[in-house]
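Breakdown of the fold
This is what each chain is made of:
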Amino acid sequence: MHVTALIVAAGSGSRMGDGPPKQYRRIGGKPVLAHAVDALASHAGIDAVRVVIGSGQEAQAAEALGGRDVGPLVIGGATRADSVRAGLAAIAGDIVLVHDAARPFCPAPVVDRLLAALDSDPAAVPVLPVADTLAVGLDVLGAPVDRADLVRVQTPQAFRLRALAGAYASWSGPAPTDESTVARRAGLRVAMVEGDPLLDKLTSAADWARAEQWLGTRLIARTGMGFDVHAFAGEGPLTMGGIAIPHERGLAGHSDADVVLHAITDALLGAAGLGDIGEHFPPSDPRWKGAASELFLAHAAALIRDAGGIVDHVDCTVICEEPKVAPHRLAMRANVARILALPESAISIKATTTERLGFTGRGEGIAAQAVATIRMEPRA
Ligand code: MG
């Protein structure tokens, strides 16, 4: 059984005034869309994650996704239903989970329950009971509504792909608000499984505050340090922070000898307790000969992400007499921010000399040290 999660992230509104659409806003420093992708991609029962975005949102989506493997982005349509249709047309396989990006936290047991329900039914949705008193609300409070038989329907909603595609093909009338509506209209039996309050959609400012708070209590801060040295050798330019810096001498190393990215990579791995750069990318491995160190840094960030962690901040100090780092500091910062899919304010690149003392003072090489602050779930 091949299972695809289809995340609908095509909305253009934030409902909270100015700013980017809500799927591109950040919670705990990480875009809402990225939370949604990570929650589903990390589930063992899901084989692929695809994302439907609004037309013109390509750059925002790419920034929010930060290199996550979601295949080609699907461009959605005018309504949510149009976007889901576009998504369905872009995927293959047996089962699809249609999910809203504005529900960033999807507990794995909900997906377990949905997939189990599809053994016997063509469709399954997570639901929760209604706890509040319900009434018709007009000018004043109207007639009470019996809540005993009512449920709130959440996403992800799971379907046999062919059944949902067929149901959409036969849909006519105003755009539906979810897929279970389309499935029922087409006569499909829709099973109910237990939902989770964590799946409630982010709508109001209060929802965002609650989401931040929940993340804050779940994750603990961890700090890691990294240190790296490369000797001058041969001709320049040399690469620091992924930026080519003109200099008469280059740096020796198996990869591109980028001391800045190596120190930051080790700081991230250290913060996560995931070993060191030499362990993940041994210099003895010919694959990394001359490699762009951006690969190493992106890999460390992906490992933290896969573990449910968030990178909060990186600070790096370059130690050398030459070349002058200051003119390249901001370009390096912007590039590290891009690789880590973080705002530039989360990255700091500084430089110092050692007053002509030691190997950096004698101009024999360049050193860099870095610290990284991340948040991760405490491990048992
Ligand atoms: Mg190195």
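**Looking at the environment of A48**
Structurally, A48 can be placed in strand β4 (residues 48-53). Residue A48 is classed as partly exposed on the basis of its relative accessible area, which comes to 25%. A sequence separation of 22 residues divides A48 from V70, and the C-alpha atoms of the two residues are 7.1 Å apart. In this structure, A48 is in contact with H2, V3, T4 and A5, ignoring residues within four places of it in sequence.

**Digging into unusual backbone geometry**
Residues T155 and P156 are joined by a peptide bond in cis, for which omega reads 5°. Residue position: P156 is located in the loop between β10 (151-153) and β11 (157-160).

**Digging into the packing of helix α3 (residues 80-90) against helix α5 (residues 161-169)**
For any two helices packed against each other, the geometry comes down to the angle between their axes and how far apart the axes lie. At a closest axis distance of 11 Å, the pairing of α3 and α5 adopts a crossing angle of 135°. In terms of orientation, α3 and α5 fall into the oblique class. α5 is crossed by α3, and the crossing has left-handed handedness. Touching A81, V84, R85 and L88 of α3 are L161, L164, A165 and Y168, all from α5.

**Remarks on the layout of surface pockets**
Taken as a whole, the largest pocket holds about 770 Å³ of empty space. Forming the walls of the largest pocket are 38 residues, and the residues nearest its centre are V37, D38, A39, S42 and R305. Listed by contribution, the elements that provide at least two residues to the lining of the largest pocket are α1 (32-41), β4, α7 (205-218) and α10 (294-306). By residue number, the principal contributor to the lining of the largest pocket is α10, which donates six residues. When grouped by side-chain class, the residues that make up the lining of the largest pocket number 22 nonpolar, six polar and 10 charged.

**A look at the domain arrangement of the protein chain**
Each domain of the protein chain was delimited in the assignment, giving domain 1 (3-218) and domain 2 (220-376). Summed over both partners, the interface of domain 1 with domain 2 comes to about 840 Å²; 47% of that surface belongs to carbon and sulfur atoms. On the surface where domain 1 and domain 2 come into contact, there are zero salt bridges. Summed over the shared surface of domain 1 and domain 2, the number is two residue pairs in polar contact (both at pLDDT 80 or more). Secondary structure elements with two or more residues in the side of domain 1 that touches domain 2: β2 (26-27), α1 and α7.

About the criteria used
- Residues numbered from 1 in each chain as written.
- Predicted model: local features only at pLDDT ≥ 70, side-chain atom pairs only at ≥ 80, totals over all residues.
- Heavy atoms only, no water.
- Helix = DSSP H or I, 4+ residues; strand = E, 2+ residues; numbered from the N terminus.
- Buried < 20%, exposed > 50% of the residue type's maximum accessible area, 1.4 Å probe, protein only.
- Contact = heavy atoms within 4.5 Å.
- Axes fitted to C-alpha atoms, helices over the stretch in contact; angles between N-to-C directions.
- Parallel < 35°, antiparallel > 145°, perpendicular 65-115°, else oblique.
- Left-handed = near helix turned anticlockwise from the far one by under 90°.
- 1 Å grid on protein atoms, 1.4 Å probe; cavity = no way out; pocket = protein on both sides within 12 Å on 5 of 7 lines; lining within 4 Å.
- Points joined across faces, edges and corners; volume = space filled by probe spheres on them.
- Nonpolar A, V, L, I, M, F, W, Y, C, P; charged D, E, K, R; others polar.
- Domains from an automatic or database assignment.
- Buried area = accessible area lost by both parts, 1.4 Å probe.
- Salt bridge = Lys/Arg side-chain N within 4 Å of Asp/Glu carboxyl O.
- Polar contact = N/O pair within 3.5 Å; in protein donor to acceptor, adjacent residues only side chain to side chain.

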